[in-house]
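Architecture at a glance
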Amino acid sequence: MTGRSLPPSLASAKRLVVKIGSALVVDAEKAAPRQAWLTSVAEDIALLRKQGTDVTVVSSGAIALARHTLGLTSGPLRLAEKQAAAAVGQISLAQAWSNALSAQGLTAAQLLLTPEDTEDRKRYLNARATLDTLLGLGCVPVINENDTIATAEIRFGDNDRLAARVAQMTDADQLVLLSDIDGLYTADPRTDPAATHLPVIETLTPEIEAMGGEPPPGYSSGGMRTKLLAASIATRSGCAMAIALGKLDHPLRALMEGARCSWFLPQTCSQTARKQWIAGSLTPAGEIMIDRGAADALRNGGSLLPAGVKGVKGDFTQGDLVVVIDESGRILARGLTSYDADDARRIAGHRSSELGAILGWQGRDEIIHRDDLVVV
């Protein structure tokens, strides 16, 4: 689990995504950017750029920066208050990053994304092309969730998973989550003196996933649980991910010089960009339950045929992303369905040769073709 493989080297990254949380960006007492710390990070980014590394920043902090200005300093915020604070604070956040990067001769570019921008295939490809162009022009994209328009039901809620999707979108080979802790431990080191630091995680096993806890109090909306979810997205896309301590000045330089962290190694299997997008999607439109024979066929590289379907949940349409589960509810795969939910229910359990008679028209033999399916 932790010892046989060597961790990646940050200095060797070709494309790097760095995620920075609100607690690092914002001085909570002054409700202002930690400009000196941001300057140190900008210097690290400039060093990486000189070494040939494209760098994208995913930065929280907009809402935290605006709470004091708007008098929203106590208690949790309602959705409308979060949206208003994001609209005000994003200006200060973008300016802080622009100032820090321009002092190093670098040009900042602001992008605001919602989950829909990464879940809808056309919008995903458009955002991907924009980021690729910006990086090619030597810019440093600074990305945040578009909290001003995101709804409670349709939002990332944390920038860890957004950063993983950005890493996937930009074909990054490394993702660094700067945190208030220097990596993953077997238990919370603040409460368990026997907790052991894990320097290299080769595979995200159920035991590793169980080490994630609840989000911490305060400005942050993440926590170890969301970082492990991010690791799942990133590593499936062939991207290594590190959780590293961010409080110190020059945190990226410290990581290059061997500072302690936890590296999650990328999966060795390669996936097409299309399958990477399918694997990383966050909001499936429905569920398809299958029997054991169909599950075995998927594991062996087959498509999902109607005969193996035991049940269908959700109100999805042709081309939507759905999860495939076994009869115990365990997720087996994710894929793009060839049928609407109502038609999928009608043909469930039937042979492909019967579909024309059942539907009145001849569709695909498969409910999900193997080219549109990723086994989890």
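Cut-off values and rules
- Residues numbered from 1 in each chain as written.
- Predicted model: local features only at pLDDT ≥ 70, side-chain atom pairs only at ≥ 80, totals over all residues.
- Heavy atoms only, no water.
- Axes fitted to C-alpha atoms, helices over the stretch in contact; angles between N-to-C directions.
- Helix = DSSP H or I, 4+ residues; strand = E, 2+ residues; numbered from the N terminus.
- Parallel < 35°, antiparallel > 145°, perpendicular 65-115°, else oblique.
- Left-handed = near helix turned anticlockwise from the far one by under 90°.
- Contact = heavy atoms within 4.5 Å.
- Nonpolar A, V, L, I, M, F, W, Y, C, P; charged D, E, K, R; others polar.
- Domains from an automatic or database assignment.
- Buried area = accessible area lost by both parts, 1.4 Å probe.
- Salt bridge = Lys/Arg side-chain N within 4 Å of Asp/Glu carboxyl O.
- Expected span 1.5 Å × (residues − 1).
- Buried < 20%, exposed > 50% of the residue type's maximum accessible area, 1.4 Å probe, protein only.
- Pairing = 2+ DSSP bridges.

Observations concerning the packing of helix H7 (residues 159-169) against helix H9 (residues 224-236)
- Orientation of H7 relative to H9, taken along the N-to-C sense of each, is 10 degrees, at an axis distance of 8 Å. As judged from the angle between their axes, H7 and H9 are roughly parallel. The crossing of H7 and H9 is right-handed. Facing Asp160, Arg161, Ala164, Arg165 and Gln168 of H7, the residues of H9 in contact are Thr226, Lys227, Leu229, Ala230, Ile233 and Ala234.
- When grouped by side-chain class, the residues that make up the contact of H7 with H9 number five nonpolar, two polar and four charged.

Things to note about the domain arrangement of the protein chain
- By domain assignment, the protein chain separates into domain 1 (11-264) and domain 2 (274-375).
- The gap between the C-alpha centroids of domain 1 and domain 2 is 34 Å.
- The interface of domain 1 with domain 2 comprises 13 residues on the first partner and eight residues on the second.
- Taken together, the two surfaces of domain 1 and domain 2 that pack against each other cover about 1,000 Å², and 51% of this comes from carbon and sulfur.
- For the domain 1 face of the interface with domain 2, the top three residues by lost area are Glu119, Arg121 and Arg236, together amounting to 52%.
- In this structure, the connection of domain 1 to domain 2 is made through zero salt bridges.

Digging into unusual backbone geometry
- You will see that Ala31, though not glycine, has its phi angle at about 50 degrees, which is positive.
- With respect to the helices and strands, the residue Ala31 is situated in the loop between strand S2 (26-27) and strand S3 (32-33).
- The backbone phi angle of His250 is positive, close to 55 degrees, even though this residue is not glycine.
- One can find His250 in the loop between strand S11 (240-245) and helix H10 (251-256).

Considering helix H2 (residues 35-50)
- In this model, H2 (16 residues) spans 22 Å end to end at C-alpha, consistent with the 22 Å of a helix rising 1.5 Å per residue.
- Of the positions making up H2, those classed as buried are Trp37, Leu38, Ser40, Val41, Ala42, Asp44, Ile45, Ala46 and Leu48.
- Looking at the residues trailing H2, positive phi occurs at Gly52, about 95 degrees.

Brief notes about the environment of Ile45
- Here Ile45 shows up in helix H2.
- Owing to a relative accessible area of 1%, Ile45 belongs among the buried residues under this scheme.
- For the pair formed by Ile45 and Leu252, sequence separation is 207 residues and the distance between their alpha carbons is 7.8 Å.
- Setting aside residues up to four positions removed in sequence, Ile45 forms contacts with Val55, Val57, Leu101, Leu106, Val140 and Leu252.

Some points on the sheet that holds strand S17 (residues 373-375)
- Within the open sheet, the five strands sit side by side as S14-S13-S15-S16-S17. Their pairing is mixed. Two strands in the sheet have a free side with no partner beyond their single neighbour: strand S14 (309-314) and S17. Strand-to-strand twist across the sheet, computed as the mean angle between neighbouring axes with direction ignored, equals 20 degrees.
- Bridge analysis of strand S15 (residues 321-325) against strand S16 (residues 331-336) gives five bridges, and the strand direction is antiparallel. Bridging from a neighbouring strand, Leu321 pairs with Leu336 of S16.
- Against the sheet, helix H12 (residues 292-299) engages strand S13 (286-290), S15, S16 and S17, with an angle of about 105 degrees to S13.

Concerning the pattern of salt bridges
- All told, the structure shown has 14 salt bridges when counted by the stated rule.
- Measuring nitrogen to oxygen at the nearest pair gives 3.2 Å for the salt bridge that ties Asp182 to Arg260. With Asp182 in the loop between strand S7 (174-179) and strand S8 (184-185) and Arg260 in the loop between H10 and strand S12 (261-264), this residue pair connects regions lying 78 residues apart in the sequence.
- For Arg260, a relative accessible area of 48% corresponds to the partly exposed category.
- Overlapping salt bridges bring together Arg15, Asp54 and Asp132 as one network.

Here's the deal with the pairing of S11
- The buried fraction of S11 is high, at five of six residues.
- The sheet contact formed by S7 and S11 spans six bridges and is parallel. Following the sheet pairing, Gln174 is matched in S11 by Ala240.
- Summarising the sheet, S11 and S12 pair through four bridges and their orientation is antiparallel. The residue bridging Ala244 from the neighbouring strand is Cys261, located in S12.

Considerations on the environment of Ser40
- Within the fold, Ser40 resides in helix H2.
- By relative accessible area, which is 4% here, Ser40 ends up buried.
- C-alpha of Ser40 to C-alpha of Gly258: the two residues are 218 residues apart in sequence and 17 Å apart in space.
- If near-sequence neighbours (up to four positions away) are discounted, Ser40 is found in contact with Asp249, His250 and Pro251.

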